[in-house]
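Per-entry structural report
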Amino acid sequence: MKIFTYTLAALVSAATLPAFAQNADGFSGFSAGTEIGIQKNKIEVTAPGAVNFKDSSRGYALRGFAGYDFAISDSLILGGEAGLSLGGPSVKKSSDTARFRADPGVMFDISARAGLAVSESVLLYGRAGYSNSKIDISASNTAVPGTATDRDKRKGGLLLGAGGEWAMSDALNLRAEYRRAKHGDLKSDQLMLGGVIRF
């Protein structure tokens, strides 16, 4: 719930900024940028001996991206974007005899977005696509010798997001976005703030 509250607050703040862009045209064309924020990774794992672990961890997130947007009308934007981000925080937990650790690797994603220019400087949008990460999961149980596991596999799944972008000048925009992605056993939530350069 806090993530949605923070995102809403960022969008409300965006709406108070002065206008520079001309409706949807100001959000069209090639773009590239970087984002920083907070990421929560959540995973559920079964360790040897049928011990079920479910835990999460929070940390920092960093992502770079590039994309292209089309102005379909005076207020409607459709576009695509590709991104590359750090895997975020490791998740680990232990019991009396069992333990596990999950280390997400670099994530890449590709998605489409649709946006509505609600003013000359503010764009609200939703996103849907695919995200992929290589995750190293290790699990062991001293009560069951010789059964320790260590798997390093690339997993992908659905990516969903929503956010707002606002124009600071003809070439520089700022944006805030909430994103959720699933990579096999791992679920990732990100709340990101970023700068966008438009060409």
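Every residue gets a number counted from 1 within its own chain, in the order that chain's sequence is written. Totals for whole chains, interfaces and linings use every residue, but because this is a predicted model, local features are given only for residues with pLDDT of at least 70 and side-chain atom pairs only at 80 or more, for both listing and counting. As a rule here, side-chain values come from all non-hydrogen atoms in the structure, and water together with hydrogens is ignored.

Some thoughts on the side chain of Ser31
- Relative to the helices and strands, Ser31 is located in strand β1 (residues 29–47).
- Here, two residues are considered to be in contact whenever any of their heavy atoms come within 4.5 Å of each other. Not counting residues up to four positions away in its chain, the partners in contact with Ser31 are Phe65, Ala66, Gly67, Asp69, Val196, Ile197, Arg198 and Phe199. Numbering of helices and strands starts at the N terminus; helices are DSSP runs of H or I of at least 4 residues and strands are runs of E of at least 2.

Details of the pattern of salt bridges
- The term salt bridge refers to a pairing of a side-chain nitrogen on Lys or Arg with a carboxyl oxygen on Asp or Glu at a separation within 4 Å. Taken as a whole and assessed by the stated rule, the structure comprises 16 salt bridges.
- Residue Glu81 is joined to Arg63 by a salt bridge in which the shortest nitrogen-to-oxygen separation is 3.0 Å. Of this pair, Glu81 sits in strand β3 (residues 76–85) while Arg63 sits in strand β2 (residues 51–71), and the two are 18 residues apart along the sequence.
- When accessible area is computed with a 1.4 Å probe and restricted to protein chains, residues below 20% of their type maximum are described as buried, those above 50% as exposed, and intermediate ones as partly exposed. On the accessibility criterion, Glu81 (7% relative accessible area) is buried.
- In this structure Arg63 comes out as buried when scored by relative accessible area, which is 1%.
- Two residues, Arg175 and Glu177, come together in a salt bridge whose shortest N-O distance is 3.9 Å.
- Residues joined in a network through salt bridges with shared partners are Glu35, Arg63, Glu81, Asp109, Arg127, Arg175, Glu177 and Arg179.

Quick notes on the nonpolar core
- Definition of nonpolar core: a set of buried residues of the types Ala, Val, Leu, Ile, Met, Phe, Trp, Tyr and Cys, connected through side-chain atoms within 4.5 Å. Formed by 13 residues in total, the largest nonpolar core has its most connected members in Ile43, Phe100 and Ile137.
- Looking at this core, the elements that each hand over two or more residues are β1, β5 (98–117) and β6 (122–141).
- If you tally residues by element for this core, the top one is β5, at four residues.
- Counting residues in each nonpolar core, the second largest holds six residues, with Ala24, Phe27, Ile77 and Leu123 among its members.

Describing the pairing of β6
- The pairing criterion is simple: DSSP has to find at least two bridges between the two strands. Across 18 bridges, β5 lies against β6 in antiparallel orientation. Each residue of the ladder has a partner; that of Phe100, found in β6, is Ala139.
- Direction of pairing for β6 relative to strand β7 (residues 149–167): antiparallel, over a ladder of 18 bridges. Directly across from Ser138, in β7, lies its bridge partner Asp150.

Some remarks on the environment of Ser138
- If you trace the backbone, Ser138 turns up in strand β6.
- Along the chain, Ser138 and Ala47 lie 91 residues apart, while their C-alpha atoms are 8.6 Å from each other.
- When sequence neighbours within four positions are dropped, the list of residues in contact with Ser138 reads Arg99, Phe100, Arg101, Thr149 and Asp150.

Description of a positive patch on the surface
- Patch rule: a residue counts if its relative accessible area is over 30% and it has no salt bridge; like charges are joined within 9 Å, and nonpolar side chains (Val, Leu, Ile, Met, Phe, Trp, Tyr) within 5 Å. Method for areas: the Shrake-Rupley scheme with a 1.4 Å probe, in which residue coverage is limited to the protein chains shown. When charges are tallied, Lys and Arg are placed among the positive residues and Asp and Glu among the negative ones, while His and the ends of the chain are skipped. Every charge is mapped to an atom, namely NZ of Lys, CZ of Arg, CG of Asp or CD of Glu. Taken together, the side chains of Lys42, Lys54, Lys182 and Lys187 present a region of like positive charge at the surface.
- Counting through the fold element by element, Lys42 comes out in strand β1.
- Classification of Lys42 by relative accessible area gives partly exposed; the value is 35%.

Focus on the environment of Val45
- One can find Val45 in strand β1.
- Separated by 54 residues in the primary sequence, Val45 and Arg99 have C-alpha atoms spaced 9.9 Å apart.
- Discounting chain neighbours no more than four positions away, the residues touching Val45 are Val51, Asn52, Phe53, Phe100 and Ile137.

Interpretation in functional terms is not warranted from these geometric data alone.
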